[in-house]
Amino acid sequence: MHSPTRQLIQAMQEIIDGQFPEPVETDSTDEIGELAGKFNEMVQILVQREASAQQQAEQLREINRELIQAKQSQVEFLSDVSHELRTPLTSIRSFCDLLLMFGDDDPETREEFLESIIESCDRLTNLINDVLDSSKMQAGKMGWNAKRIDLIEIIDSSVRVMTGMVQEKGLEIVNQFSAQSFIVEGDRDRLVQVVTNLINNAVKFTSTGQITISAEHAHQRVKVSVADTGKGIAPEHQDMIFERFIQVTSQESGKPAGTGLGLAICREIVEHHGGEIWVDSELGRGSTFFFTLPVLPDDESNDEV
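Below or above, wherever it landed, is the structure these notes cover. (Residues numbered from 1 in each chain as written. Predicted model: local features only at pLDDT ≥ 70, side-chain atom pairs only at ≥ 80, totals over all residues. Heavy atoms only, no water.)

1. Considering the environment of Ser-3
Positionally, Ser-3 belongs in the segment before α1 (4–16). Judged by relative accessible area, Ser-3 falls into the partly exposed class, the value being 40%. The sequence separation of Ser-3 and Glu-25 amounts to 22 residues, and the corresponding C-alpha distance is 9.1 Å. (Helix = DSSP H or I, 4+ residues; strand = E, 2+ residues; numbered from the N terminus. Buried < 20%, exposed > 50% of the residue type's maximum accessible area, 1.4 Å probe, protein only.)

2. A word on the packing of helix α3 (residues 107–138) against helix α7 (residues 262–272)
At a minimum axis separation of 10 Å, α3 and α7 run at an interaxial angle of 35°. Crossing angle aside, the handedness with which α3 passes α7 is left-handed. Contacts from Asp-130, Asp-133, Ser-134, Met-137 and Gln-138 in α3 reach Gly-262, Ile-265, Glu-268 and Ile-269 in α7. Of the residues belonging to the contact of α3 with α7, the class tally is 3 nonpolar, 3 polar and 3 charged. (Axes fitted to C-alpha atoms, helices over the stretch in contact; angles between N-to-C directions. Left-handed = near helix turned anticlockwise from the far one by under 90°. Contact = heavy atoms within 4.5 Å. Nonpolar A, V, L, I, M, F, W, Y, C, P; charged D, E, K, R; others polar.)

3. Details of the pattern of salt bridges
Where charged atoms from two side chains of opposite charge come close, those side chains can pair. Here the structure, examined in full by the defined rule, presents 11 salt bridges. One salt bridge connects Arg-65 with Glu-58, and the closest N-O pair in it is separated by 3.0 Å. By relative accessible area, which is 36% here, Glu-58 ends up partly exposed. For the salt bridge of Asp-189 with Arg-188, the shortest nitrogen-to-oxygen distance reads 3.9 Å. Judged by relative accessible area, Asp-189 falls into the exposed class, the value being 54%. Through salt bridges with shared partners, one network takes in Glu-58, Arg-61, Glu-62 and Arg-65. (Salt bridge = Lys/Arg side-chain N within 4 Å of Asp/Glu carboxyl O.)

4. Let's talk about the packing of helix α5 (residues 188–204) against α7
Running from amino to carboxyl end, α5 crosses α7 at an angle of 145°, the nearest separation of the two axes being 9 Å. Crossing handedness for the pair α5 and α7: left-handed. Of the residues in α7, those touching α5 at Arg-190, Leu-191, Gln-193, Val-194, Asn-197, Leu-198 and Asn-201 are Gly-262, Leu-263, Ile-265, Cys-266, Ile-269 and Val-270. Within the contact of α5 with α7, the residues separate by chemical class into 8 nonpolar, 4 polar and 1 charged.

5. Focus: the environment of Gly-209
Within the secondary structure, Gly-209 sits in the loop between α5 and β4 (210–217). It is 8.3 Å that separates the C-alpha atoms of Gly-209 and Gly-170, two residues lying 39 residues apart in sequence.

6. Digging into the packing of aromatic side chains
The tally for this structure, following the rule as stated, stands at 3 aromatic pairs. Considering the side-chain rings of Phe-95 and Phe-113, the 5.4 Å spacing of their centres and the 45° angle between planes classify their relative orientation as tilted. Here Phe-113 lies in helix α3 and Phe-95 lies in helix α2 (residues 31–102), a separation of 18 residues in the sequence. Of the residues examined, Phe-95 reaches a relative accessible area of 21% and is grouped as partly exposed. With a centroid separation of 6.1 Å and 75° between ring planes, the pair formed by Phe-242 and Phe-289 is classed as edge-to-face. Highlighted residues: Phe-242 in the loop between α6 (235–238) and α7 and Phe-289 in strand β7 (residues 287–294), separated in sequence by 47 residues. Of the two residues examined, Phe-242 and Phe-289, each falls in the buried class. (Phe/Tyr/Trp six-rings, centres within 6.5 Å; stacked < 30°, edge-to-face > 60°.)

So yeah, pure geometry; function would need other evidence.
Structure representation (structure tokens):
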């Protein structure tokens, strides 16, 4: 074995070369032995600091990757929004040009064009509202008005809003509730938005049959389902439809229906309330959308939190 002095010299050279040496071994109790001990302590501190520096560097690399991904997501989001805005605006412009060409000589065609313009304006309004809601939620700036409320009342309110659209398509809504009330804590308007969106989607993709809405207790939660008798969703699309700007093709027109933000917003609202949302569907046999929320005891007051 080399002397402690020789070991110290060799160990220092290894540090100069960018390596961490093995501890210097010595049984000496003199100044050389003390020096070797302090040297070993210094090496151990250097090893710990190097490990900490590597960990911090990896954290910085991860943050950088997340920033790059966020930047890419922002670019994709703006691109998608631009594309979605362009579609109804192009339609409105086209029908306006046609109206100028036809004049007042063909009132039936004029009325048809005006209805199409109104439909495109409604789509544009819905898109803008969805983009604003989605952006606020992504930025954590959405205002929430939490109250203890009855989910049955929310479902009834949503059904009333959708009655005209349901009757227009010759469909029927059936309610199946296992209790008279389900008390939850949440933002009433946002939960109405969830139920209304799910009913709206069910109506869009159902030509005949009915929409069935159920609510039942499930392990200290309420589980709500909105089932339709429509075309169904292919298995490969079922995990994607809750992502932003993922659209399913309309059964009647063969074109994408909606803005592609509705279900993504529903997911954000439900998850904010401590719940989950998912779909069970089979092509040709319809779809059932489920969501759960924590349920409170029936005797809780409805006072604002």
